[in-house]
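Below, each chain spelled out in residue letters.
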Amino acid sequence: MPGRARATKDMTIAVGVAAGVIAIGFMVLLVADPWLRRPRDNYATCVLDRALVFDRSAVGQSAILQFSQIKQRYQDALTSEKRLIDSSPAHGGTDTRMSTLLQRVQLENARLEKLRVQAHALVIEAVAPIIRKQSAISRCSIIVDRLAIVDMGRARDITPPLIKAIGENVPQLPSGTLEKMLPNLP
């Protein structure tokens, strides 16, 4: 019986210790209750203003400048051709020069739009590693374009640190980059 009494005594002590630990845990929960009820900052969703990143980054600004120069050159050439048509009299019954010019305007506009899309993709490709890195730093599981949402709620806006990181790590597009893309456009 002494072995059985000892086992009963040890079991009683173990149950008492377990009850004490549970009681202490319960007391900690009661004290921590206001803290536990407080809403947590959940930055799983982050927002980003893509247009602002594009406009304020050196790589974006260089793409915009190069595109604007090409666009202005096209516009100047078309304006010059229009002036020439307007200043010279029509040859014969119907003058096809104006319709030819309109077709050329449509072609140039299509080429410029393709160039704009490619320039945008080039900039996105250049900044994508920085976006991924900033997303990891900010613990974003998803990034939403800030311009596409009505209320950000508790989502974190990563635009300012992203613009800073891009400025520090992504250089401007080399001069003539978009010009070199033009021959490949249909």
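To be clear, the structure that these remarks concern was listed above.
Residues numbered from 1 in each chain as written. Predicted model: local features only at pLDDT ≥ 70, side-chain atom pairs only at ≥ 80, totals over all residues. Heavy atoms only, no water.

What about the overall build of the chain?
1) Next: Along the chain, the regular secondary structure elements total six helices and three strands.
2) Next: Beginning at the N terminus, the succession of helices and strands in the chain can be written as α-β-α-α-α-β-β-α-α.
3) Next: Buried residues in the chain amount to 25% of all 186 residues.
4) Next: For the chain, restricting intrachain contacts to residue pairs at least 6 apart in sequence, the fraction spanning at least 24 positions comes to 81%.
5) Next: Total accessible area computed for the chain in this model is approximately 13000 Å², and 62% of it derives from carbon and sulfur atoms. (Helix = DSSP H or I, 4+ residues; strand = E, 2+ residues; numbered from the N terminus. Buried < 20%, exposed > 50% of the residue type's maximum accessible area, 1.4 Å probe, protein only. Contact = heavy atoms within 4.5 Å. Areas by Shrake-Rupley, 256 points an atom, 1.4 Å probe, with all protein chains shown as cover.)

Structural notes on unusual backbone geometry
1) Next: Notably, Arg-139 is not glycine yet its phi reads approximately 60 degrees, a positive angle.
2) Next: Relative to the elements of secondary structure, Arg-139 occurs in the loop between helix 4 (97-137) and strand 2 (142-145).

So, helix 4
1) Next: Helix length check: helix 4 (41 residues) gives 59 Å between terminal C-alpha atoms against 60 Å at 1.5 Å per residue, within 8%.
2) Next: Considering bend angle alone, the principal kink of helix 4 is centred on Val-127 and spans about 45 degrees; proline Pro-129 follows within four residues of it.
3) Next: Looking at the residues trailing helix 4, positive phi occurs at Arg-139, about 60 degrees. (Expected span 1.5 Å × (residues − 1). Bend = angle between axes of the 7 residues up to and from the residue.)

Description of the nonpolar core
1) Next: Of all hydrophobic cores here, the largest spans 18 residues; its most connected members are Val-59, Leu-162 and Ile-166.
2) Next: Broken down by secondary-structure element, the contributors of at least two residues to this core are strand 1 (45-48), helix 2 (50-56), helix 3 (58-87), helix 4 and helix 5 (159-169).
3) Next: The residues contacting Ile-166, other than those within four sequence positions of it, are Val-53, Ser-57, Val-59, Val-127 and Ile-130.
4) Next: Listed in part, the nine residues of the second largest apolar core include Ile-70, Leu-112, Ala-119 and Leu-182. (Core = buried A, V, L, I, M, F, W, Y, C linked by side-chain atoms within 4.5 Å.)

Section: the side chain of Asp-49
1) Next: Structurally, the position occupied by Asp-49 is in the loop between strand 1 and helix 2.
2) Next: What makes Asp-49 buried here is its relative accessible area of 7%.
3) Next: A distance of 3.1 Å separates a polar side-chain atom of Asp-49 from the backbone nitrogen of Leu-52.
4) Next: Within polar-contact distance, the side chain of Asp-49 engages the side chain of Arg-146 at 3.0 Å.
5) Next: Other than its neighbours up to four places away in sequence, Asp-49 contacts Asp-145, Arg-146, Leu-147 and Thr-159. (Polar contact = N/O pair within 3.5 Å; in protein donor to acceptor, adjacent residues only side chain to side chain.)

Describing the side chain of Ser-57
1) Next: Here Ser-57 lies in the loop between helix 2 and helix 3.
2) Next: The buried category is assigned to Ser-57, whose relative accessible area is 1%.
3) Next: Of the polar contacts made by the side chain of Ser-57, one reaches the backbone oxygen of Val-53; its length is 2.9 Å.
4) Next: A distance of 3.1 Å separates a polar atom in the side chain of Ser-57 from the backbone nitrogen of Gly-60.

Concerning the sheet that holds strand 1
1) Next: Within the open sheet, the three strands sit side by side as 2-1-3. Their pairing is parallel. Edge positions in the sheet fall to strand 2 and strand 3 (156-157), since each of these pairs with one other strand and no more.
2) Next: Across four bridges, the pairing between strand 1 and strand 2 is parallel. Directly across from Cys-46, in strand 2, lies its bridge partner Ile-143. (Pairing = 2+ DSSP bridges.)

Focus: the state of the cysteines
1) Next: Counting across every chain of the model gives one disulfide.
2) Next: Each disulfide pairs two cysteine sulfurs, and for Cys-46 the partner residue is Cys-140, the sulfurs being separated by 1.9 Å. Around the S-S axis, the bridge from Cys-46 to Cys-140 shows a dihedral of about -85 degrees and counts as left-handed. Linking Cys-46 in strand 1 with Cys-140 in the loop between helix 4 and strand 2, this pair joins segments that are 94 residues apart in sequence. (Disulfide = S-S within 2.5 Å.)

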